[in-house]
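# Coordinates in review
Chain by chain, the residues:
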Amino acid sequence: MPRGTSLADVYDRWHKSHPKPDETQCSEHKSRTRRMVPTSDHGIGKRWQVRYRDLEGHQRKENFHTRAEADKRAAEVDVEIRSGSYVVPAETKQTLGAYAQKWLDANSVGPTTALRYEATVRNHIVAHLGRRELRSLNRPSVVQGWIRTLQDGGFEVSTIEGIFDIFSSILGMAVEDGLLPKNPCKSKSVKLPTATKKKIVPWSLERVRAVINGLPERFQAGGKLAFGCGLRQGEIFGFAVEDIDFRGGWIHVNRQVRLVGTKPVFALPKGNRIRSVPLSAQLAAALKAHIRRFPPTAVTLPWAKPDGEPKTFRLLFVDEKGRAYNRSVFNMGAWKRALVAADVIPPRKRGARYLQAAPEDGMHALRHAYASVLLDAGESIKALSEYLGHSDPGFTLRTYTHLLPSSESRTRKTIDDAFREAEAEAEA
DNA sequence: CTTATTTACCATACCTCAAG
DNA sequence: CTTGAGGTATGGTAAATAAG
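Described below are features of the structure shown in this document. (Residues numbered from 1 in each chain as written. Chains lettered and ligands numbered in written order. Predicted model: local features only at pLDDT ≥ 70, side-chain atom pairs only at ≥ 80, totals over all residues. Heavy atoms only, no water.)

Turning our eyes to something else, we now look at the pattern of salt bridges. Tallied over the entire structure, the rule returns 11 salt bridges. Taking the shortest distance from any N to any O, the salt bridge between Arg-148 and Asp-152 comes out at 3.1 Å. Here the residue Arg-148 and the residue Asp-152 both occupy positions in helix H5 (residues 140–152), the gap between them amounting to 4 residues, near one helical turn. Ionic pairing is found between Asp-243 and Arg-255, a salt bridge with its closest N-O pair at 2.8 Å. Taken together, the residues Asp-243 in the loop between helix H9 (233–237) and strand S3 (244–245) and Arg-255 in the loop between strand S4 (250–253) and strand S5 (256–260) connect sequence positions 12 residues apart. Note on Asp-243: relative accessible area 2%, which makes it buried. A cluster of three or more residues bridged by salt bridges with shared partners is formed by Arg-232, Glu-235 and Arg-275. (Salt bridge = Lys/Arg side-chain N within 4 Å of Asp/Glu carboxyl O. Helix = DSSP H or I, 4+ residues; strand = E, 2+ residues; numbered from the N terminus. Buried < 20%, exposed > 50% of the residue type's maximum accessible area, 1.4 Å probe, protein only.)

Right under this line is the structure:
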């Protein structure tokens, strides 16, 4: 703006060349006033300003060096506000790294999940995209390229999905905050690698028996309980003598032992869902024998979080020092050795540091074996779902549907049984 | 020193909930 | 019933530490 030009002159020129916007034309949004004024008259800094009200009615100002730029921006703002793609310009300049931290801080999830979110953001999101400005992420190609680098990293599809979900959630919040016009993760052109759905292959009964036999004596009944009632590992570790109803033939799954970071705590089972499971006579006998041999040990741990209220339960299965089992120690030690004893994995080679086992040969395999045996015997999905503690029978069905005996084999078996019965009657 | 155990942290499968 | 988004427990390795 040339020196000596008065503010009034500028206003005048502006209004002459830019007729007042028609009120009715833009009544669907709140951007009504937009005008340009010089911000200073000494030739320094930005001299043209666009003013408007944003979607929430807050007044916004943006400064420009030239009138042409300001004009262009003013037009853009109107279009953006009308179409809903408007974002606050200044705040989109923050980096993804900074915004991801806000997302982490705003979350209220459990400690396990918080740890995972924090690690995922740090290792997979901020590491690759952390220095980018938020608004620069509004391009599907950028997101797709990032997915590609994850793929090249050799991660499982399920892992990439997990990382992507968190990323999408962060950008989703940015959209809600008005910092991004839309979430590029939702774009049609952003594609995740497709997963081949893995089917659970249950252990054979021989393997179940062999591995249980290979466990240390103090935990053999624990293995039997895991297989015989389908409990999760943490639920076995938290199983107490008061959870058994010998008379009625039930066990109650009321808690688990969980690690919060490295601190063990008692907590409700996964999904905060307690349940009861029928107890077979043989398993009951095994538990009684175990209790005689290894009397229940009172263990006190905080409830739910390390600084939670201390609770004491008389646990059936504790380590040699009378502590609740630490799953990391257990899986590395007793469990792996049982796998070796059962010939599931080879013994450790000289010089090798660890016993190697496949992920599907963890203790969870006993739970899967339980499900498999029940389905094979014709137990209903509904009942199985209850015993496993699934809240959704649909999930149980999806997980185990391939283990349901086929209709043909059920038919053959039924007829075979009928024949046997008929022959038995004829003989009598 | 070598080997065993524990700790710290990461990857993955498992699981819930509710909307479509 | 199916599916997508959100969340959690289990499986695993390497570094740190303790034990032999």
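Time to look at helix H7 (residues 205–214). Taken residue by residue, H7 has Val-208, Val-211 and Ile-212 as its buried positions. Down the axis, H7 shows its buried residues gathered within 100° of arc, on one side only. Among the exposed residues of H7, those pointing more than 90 degrees away from its buried face are Glu-206 and Arg-209. Among the structural elements, helix H8 (217–229), helix H11 (327–341) and helix H12 (364–376) are those in contact with the buried residues of H7. (Arc of directions from axis to C-beta. Contact = heavy atoms within 4.5 Å.)

Let us now look at the environment of Leu-225. Summarising the element assignment, Leu-225 is placed in helix H8. Given a relative accessible area of 0%, Leu-225 falls into the buried group. Excluding its chain neighbours within four sequence positions, the residues that come into contact with Leu-225 are Gly-230, Leu-231, Ile-236, Phe-239, Ile-251, Leu-283, Leu-287 and Phe-317.

One key point about sheets: their strands pair by backbone hydrogen bonds, in either a parallel or an antiparallel sense. Strands sit in the order S3-S4-S7 across an open sheet of 3 strands; the sheet is antiparallel. Strand pairing shows two members of the sheet lacking a second neighbour, S3 and strand S7 (275–278), which therefore form its edges. (Pairing = 2+ DSSP bridges.)

Running from N to C, H8 and H12 point in directions that differ by 40°, and their axes come no closer than 6 Å. By the angle between their directions, the pair H8 and H12 is classed as oblique. Between H8, through Gly-223, Ala-226, Phe-227, Gly-228 and Cys-229, and H12, the contact on the second element is made entirely by Leu-366, Arg-367, Ala-369, Tyr-370 and Val-373. Here the contact of H8 with H12 is built from residues that sort into 7 nonpolar, 2 polar and 1 charged. (Axes fitted to C-alpha atoms, helices over the stretch in contact; angles between N-to-C directions. Parallel < 35°, antiparallel > 145°, perpendicular 65-115°, else oblique. Nonpolar A, V, L, I, M, F, W, Y, C, P; charged D, E, K, R; others polar.)

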